[in-house]
Each structure stands twice: as C-alpha cells, then as structure tokens.
Amino acid sequence: MRDTLRFLLGDELIEIASCNPTLTVLDWLRLDQRLTGSKEGCAEGDCGACTVVVGRLDRGRLRYEAINACIRFLPTLDGCQVLTVEHLKGEVGALHPVQQAMVDCHGSQCGFCTPGIVMSLFALWLNEDAPSVSRIEDALAGNLCRCTGYEPIIAAAQRMYRLEEARRFDRDAVAAQLREMADTETLALNGPKGRFLAPATVGALADLVMRHPDATLVAGATDVGLWVTKGMRRLDPVIYLGRIEPLRAIEDRGHHLDIGAMATHAEVRPALAALSPQLDELMRRFGGEQVRNAGTIGGNIANGSPIGDLPPALIALGARLVLARTPRSHNPHPEEAASAAVPKDEGGGLSRRTIPLEDFFLDYRKQDRREGEFVEAVIVPKLATDALFHISKISKRFDEDISAVCGAFFLRRDARGLIVEARLAYGGMAGIPKRATAAEEALLGKAWDEAAVAAAIAALPTDFTPLSDMRASARYRLTVAGNLLRRFLIETTQPGVETRVAGLLAEAHHG
Ligand SMILES: Cc1cc2nc3c(=O)[nH]c(=O)nc-3n(C[C@H](O)[C@H](O)[C@H](O)COP(=O)(O)OP(=O)(O)OC[C@H]3O[C@@H](n4cnc5c(N)ncnc54)[C@H](O)[C@@H]3O)c2cc1C
Ligand code: FES
Ligand code: FES
C-alpha cells in the first residue's frame, strides 16, 4: 500500500499525504494553490470554463487530454501531470501560440470562458496538426462562450499553428518522470472526510470491492462528480478504477470487440466507428470533448441511467456484459466461471459471468450487480454485412446534450427479404434502456416496408408508457420513437434522401 498521492503540477512534483476523496481538482487549484486562471462556471461539466489538460501514460506513452477540473477528483490525478492556463506562459511572460492567436483574432470579450477555451485549444495543439473546421468545432463543443461568438475562436484555432512556440513542452522528460512514479501498489489515502482507494490491478480491485460493499466505484466521475458538486453527497470510501491498465484495453477478436470497462468514450470511438458511421456520429455527440476524455463505457452502463446513450446502441448490437468479482467461497454461483489460468493480478482467479446487456437493467437505477461485482468488460459483436443498423439521438441541442430519446435498431432478413431477427432498443422511453419487444414481434416475418413500420409503430404503446419531463413530453417521446423507425426505413431504402442534421452541417461547411 502507498499512502501518498503523487502527481506533477506543471513541472513540480506534488506529494499529498492527506486529502478528501472527492476534493475537486478545480477547488484544489483555486483555493489551495491560488491558481485562479481556471474558472468555475457551472460545476457540472457543461461549460468548460474549468478546462485543464492532463497528461497520463497510456501503454507507456504520454497522452494529453482536456478534462473538466470541476468534476474530477484530485486523487485521481495520481501518476499524471496536470497543466493549467498558468503553465502556458513562456520566458518573461511570453504568450503561448494558442493565447497569442486568441489575441490576434479577437477571440475574447468578457474573458470568463477564455482560459477554458485556451486549454481546449492547447490540447488540440498538442495532439493534432492542421485540424479541419469540423474537428475544431468538435474540440470546442464542451466550451460555452456567451459573448464572443465562435468565428474568431475558430480563426484563432487555425492561426495558432502558424505562430512560434515561446516555451517548449518536453514530453520525453515528462513521460520519464511519470514512468518513474508508476507502481503497482494500491494507493490508500486518508482524509478528514473519508478514504480514497486506487488499486493498480484487477485482482486488488476485486478484493477491495468485496471488502467494501458500501464503497462508491469511480471511473471517469462524469456522473459521480455531479453527485458531489450538485448533490452535495459525501462519498466514503471511494474506489477509483483509473489506474488499472487492463481495464482500458480494446481488443478486436475478429467477430466481436472486447472493450474494457475503463475505456473512455474518446478511446472507444474509433473502434465503434469502424462498425458503423452512425456509431461514430453518436460518439461525436456524446457530451463534449472533456466528457469523452474522462467518461467511460463501463460508467455509462453501470450508472444505469434511462437516458445513457451507449446502452440502447449496444443492446441493439447484441452486446454482452462481463461482471467479475473475487469468489466469496470455493463454491461460486453456478453461472459464474472462475478463470484461474490467468494470474489474479491480471484478472485470473476471479468469478465471472457474462449476461446480455439488456438483462443488466432491472428497474429504474437498479442493476443486476451482485455483492462484490464490478463491470469488467463489454463484448460487442460486429455487424454482419447483411444486417441493417440505425441509431438516432434526439436532444434539444445537437452537441453536448443528453438524449430525450435515443433509438437503436438492428434487423436481419432472410433470402426472401423477410425479417428474421429484430432488436429495437430505446433510451428515454422507460425507467431503463429497454427493447421494444412488441414492436419487434410486429416486424418478424414481414418484408421491410412501410406496412411493417406502421405495425411496429402501432405496437410501441404496448412497450412503453414514457414520462413527461424537462427534456420532452410523453406524447412527444412516443411520436418520435415511431418516427425514428420511419427514418430507419427511409435511410435503408431511399439512400438519396437527406435525414440527418450532421449531413446538413457538412454541406454548410463545404458550401
Ligand atoms: C456535461 C456532460 C455531458 C454528458 N453527456 C452525455 C451524453 O451525451 N450521453 C450520455 O449517455 N451520457 C452523458 N453524460 C453522462 C456521463 O458522461 C456518462 O454516463 C459517462 O459514460 C459516465 O462514465 P464515467 O466513467 O464518468 O462514470 P462515473 O461517473 O465514474 O460512474 C458512474 C456510475 O457507474 C459506476 N461505475 C463506474 N464504473 C464502474 C464499473 N466498472 N463497475 C461497476 N460500477 C461502475 C459508478 O459507481 C457510478 O455509479 C454527460 C455528463 C456530463 C457531465
Ligand atoms: S465549471 Fe463548467 S464545466 Fe467545469
Ligand atoms: S468571452 Fe465572455 S463568455 Fe466567452
């Protein structure tokens, strides 16, 4: 066990022996370090004013990402480097190219959003050369500016690549320092308001989850962070999953993908995009860049939200969930298989069960997670070439917004063109992400045409009695759920018809 938190703040090594488990990075920076460049706008990951850049080792290589400091817990920085807007200045206060470009292009008015925008652009500058306008917009989707308007900011993002760097960021030196800090000890921090436990192996995680049944598991904290900043909840103990490298693995197994629970949305996106361009669009519209860099596939599923975006898509694909735990005795549950061939540190010796993803969601915020279990991985089948697949996310804003309704559909037809397999999954229509089994039944054995869609739409009220809330009324939800099936039919039978806002946007950019 290690009892001291270690990370780099810029070039400085920080060591902290006592810390509250849910102290946010933003509070620590502003209140403790008096680094007040990073701002607090919303404290819920929405506005981006608090954006900082975090460097972490990813399979031994340094990876820099923009994240929201307001909902990230300080101890999760263990083994990382954090860079704030204060770290960009060069010799005698020279501006970094990102900052200079913002000045040159008049990219700031009141200035409240500016440090966050600068840090999002700094992450882009570190990671990419000559991004397209659409990519710049993507990188800025998690940053709200209410006075300047985005044109000058996008112009700055293009200009920053043409300016000289006053201060060089020595990535090799940072990577070497982070490698030196890395270890496989469990970090166990005590603070006046509770304990923070961060195992570095799957085996140590399983033992901790079994020993602390009341612990809150934390992955990217893009949901849990808000329980603290908005819900004022006290979490003790916290078990953090982010140091366990094998949980981040994404493996292509030929017919399916094995995706570790801790793979972030940013990491998962290319693998899912290769399955379907509609999955790419879904991932592009998942939160903003900062949320995609922190939030994980396991967190999105385990959170059990009825409006999480990935569960309907994964259910429609036929995904299966792998749940793991330390065996409580030598007689594990008959459904569980012990995988003793792999050393326990790498996840061997654990009891595992694999269930269809839809079976995990039992009732509103109630999941099929047994004592000591955690989500270890998701198995995602690839689409057969003859399968029809569709996803639509309906939200009030195009970017950085959670769905009112999300529909994901999968169909397979036989040689005669009759539907032999149907999975229609919806978010936002019930207390859990759920299949429309009556509508599926209405499709089976039919040709894929307007009559089949009409029959499926007529069955939707049997499947769902949606709620009215701030995102949409029950009537709207039921109407849109049917209309999405119609869109699916149009897209699969009349490819020339434009049905997507993204298509219109792309046109506007080319025009
Ligand atoms: C600004 C903003 C925008 C967002 N936009 C979207 C959006 O467009 N679509 C969408 O679906 N969601 C969205 N979200 C919600 C959130 O980002 C996602 O649900 C995210 O995937 C959660 O993952 P996480 O790693 O941050 O989970 P955390 O917040 O760390 O955890 C969430 C829950 O899962 C549990 N948990 C985490 N990992 C495991 C595990 N391996 N095993 C067991 N339990 C576990 C935690 O205990 C907790 O109950 C948004 C959030 C914010 C703040
Ligand atoms: S303060 Fe708004 S995203 Fe952090
Ligand atoms: S400059 Fe005022 S909010 Fe962006």
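1. Examining the overall build of the protein chain
Okay, step 1: Broken down by element type, the protein chain carries 18 helices and 21 strands.
Okay, step 2: For 511 residues, the compact-globule estimate of 2.2 N^0.38 gives 24 Å, and the protein chain sits close to it at 24 Å.
Okay, step 3: Taken over 511 residues, the protein chain has a buried fraction of 47%.
Okay, step 4: Long-range pairs, those at least 24 residues apart, make up 69% of the contacts in the protein chain with a sequence separation of at least 6.

2. Here's the deal with helix H16 (residues 450-463)
Okay, step 1: The end-to-end C-alpha separation of H16 is 20 Å, in line with the 20 Å expected for 14 residues at 1.5 Å each.
Okay, step 2: Taken residue by residue, H16 has Ala 452, Val 453, Ala 456, Ile 457, Ala 459, Leu 460 and Asp 463 as its buried positions.

3. Some thoughts on the sheet that holds strand E5 (residues 81-83)
Okay, step 1: Spatially, E2-E1-E5-E3-E4 is the arrangement adopted by the five strands of the open sheet, whose pairing is mixed. With one partner strand each, in any of the chains shown, strand E2 (12-16) and strand E4 (61-68) form the two edges of the open sheet. Averaged over all pairs of adjacent strands, the angle between strand axes in this sheet comes to 30 degrees, irrespective of strand direction.
Okay, step 2: Relative to E5, strand E3 (residues 51-58) runs antiparallel, the two being bridged by three bridges. Across the sheet, residue Gly 55 finds its bridge partner in E5, namely Gln 81.

4. As for the site of ligand 1
Okay, step 1: Close to ligand 1 lie 31 residues, the nearest being Gly 45, Ala 219, Gly 220, Gly 299 and Asn 300.
Okay, step 2: Only strand E8 (216-218), helix H11 (289-294), helix H12 (297-302) and strand E17 (374-381) provide two or more residues apiece to the shell around ligand 1.
Okay, step 3: The element that contributes the greatest number of residues to the shell around ligand 1 is H12, accounting for four residues.
Okay, step 4: Here the residues of the shell around ligand 1 sort into 14 nonpolar, twelve polar and five charged.
Okay, step 5: Split by domain, the shell around ligand 1 shows at least three residues from each of two domains, domain 1 (5-87 + 170-240) and domain 3 (251-381).

5. Some thoughts on the packing of H16 against helix H17 (residues 474-493)
Okay, step 1: For the pair H16 and H17, the least separation of the axes is 10 Å and the interaxial angle reads 160 degrees. Comparing the axis directions of H16 and H17 gives the class roughly antiparallel. In this structure, H16 crosses over H17, and the sense of that crossing is right-handed. In this structure, H16 contributes Glu 450, Val 453, Ala 456, Ile 457, Leu 460 and Pro 461 to the contact, and H17 contributes Leu 478, Ala 481, Gly 482, Leu 485, Arg 486 and Leu 489.
Okay, step 2: In terms of residue class, the contact of H16 with H17 is made up of nine nonpolar, one polar and two charged.

6. Some thoughts on unusual backbone geometry
Okay, step 1: Geometrically, the link from Asp 236 to Pro 237 is a cis peptide bond, its omega value of -5 degrees lying close to zero.
Okay, step 2: Note on placement: Pro 237 falls in the loop between helix H8 (224-229) and strand E9 (238-240).
Okay, step 3: Positive phi, close to 60 degrees, is recorded for Arg 34, a residue that is not glycine.
Okay, step 4: Counting through the fold element by element, Arg 34 comes out in the loop between helix H1 (25-32) and E3.
Okay, step 5: The exposure class of Arg 34 is exposed, given the 8 C-beta atoms found within 10 Å.
Okay, step 6: Even without a glycine there, the phi angle at Arg 59 is positive, about 50 degrees.
Okay, step 7: With respect to the helices and strands, the residue Arg 59 is situated in the loop between E3 and E4.

7. A few points about the domain arrangement of the protein chain
Okay, step 1: What the domain assignment reports for the protein chain is domain 1 (5-87 + 170-240), domain 2 (90-162), domain 3 (251-381) and domain 4 (388-505).
Okay, step 2: With 23 residues of domain 3 in contact, the opposing surface of domain 4 contributes 25 residues.
Okay, step 3: Of the residues contributing to the side of domain 3 that touches domain 4, the split by class is twelve nonpolar, six polar and five charged.

8. Remarks on the packing of helix H4 (residues 133-140) against helix H5 (residues 150-159)
Okay, step 1: Between H4 and H5, the shortest axis-to-axis distance is 10 Å and the interhelical angle comes to 110 degrees. Here H5 runs roughly perpendicular to H4, going by the angle between their axes. Crossing hand, H4 versus H5: right-handed. Contacts between H4 and H5 involve Val 133, Ile 136 and Leu 140 from the first element and Tyr 150, Ile 153, Ile 154 and Ala 157 from the second.
Okay, step 2: When its residues are assigned to classes, the contact of H4 with H5 shows seven nonpolar, no polar and no charged.

9. Observations concerning the sheet that holds strand E19 (residues 405-413)
Okay, step 1: In space, the four strands of this open sheet follow the order E18-E19-E20-E21, with antiparallel pairing throughout. Edge positions in the sheet fall to strand E18 (388-394) and strand E21 (434-435), since each has one partner strand and no second.
Okay, step 2: As paired strands, E19 and strand E20 (residues 419-427) are joined by eight bridges and run antiparallel to one another. Of the residues in E20, the one forming a bridge with Cys 406 is Gly 427.

Procedures and definitions
- Residues numbered from 1 in each chain as written.
- Chains lettered and ligands numbered in written order.
- Predicted model: local features only at pLDDT ≥ 70, side-chain atom pairs only at ≥ 80, totals over all residues.
- Helix = DSSP H or I, 4+ residues; strand = E, 2+ residues; numbered from the N terminus.
- Rg over C-alpha atoms; globule rule 2.2 N^0.38 Å.
- Buried ≥ 20, exposed ≤ 12 C-beta atoms within 10 Å, placed from the backbone.
- Contact = placed C-beta atoms within 7 Å.
- Expected span 1.5 Å × (residues − 1).
- Pairing = 2+ DSSP bridges.
- Axes fitted to C-alpha atoms, helices over the stretch in contact; angles between N-to-C directions.
- Near = placed C-beta within 6 Å.
- Nonpolar A, V, L, I, M, F, W, Y, C, P; charged D, E, K, R; others polar.
- Domains from an automatic or database assignment.
- Parallel < 35°, antiparallel > 145°, perpendicular 65-115°, else oblique.
- Left-handed = near helix turned anticlockwise from the far one by under 90°.

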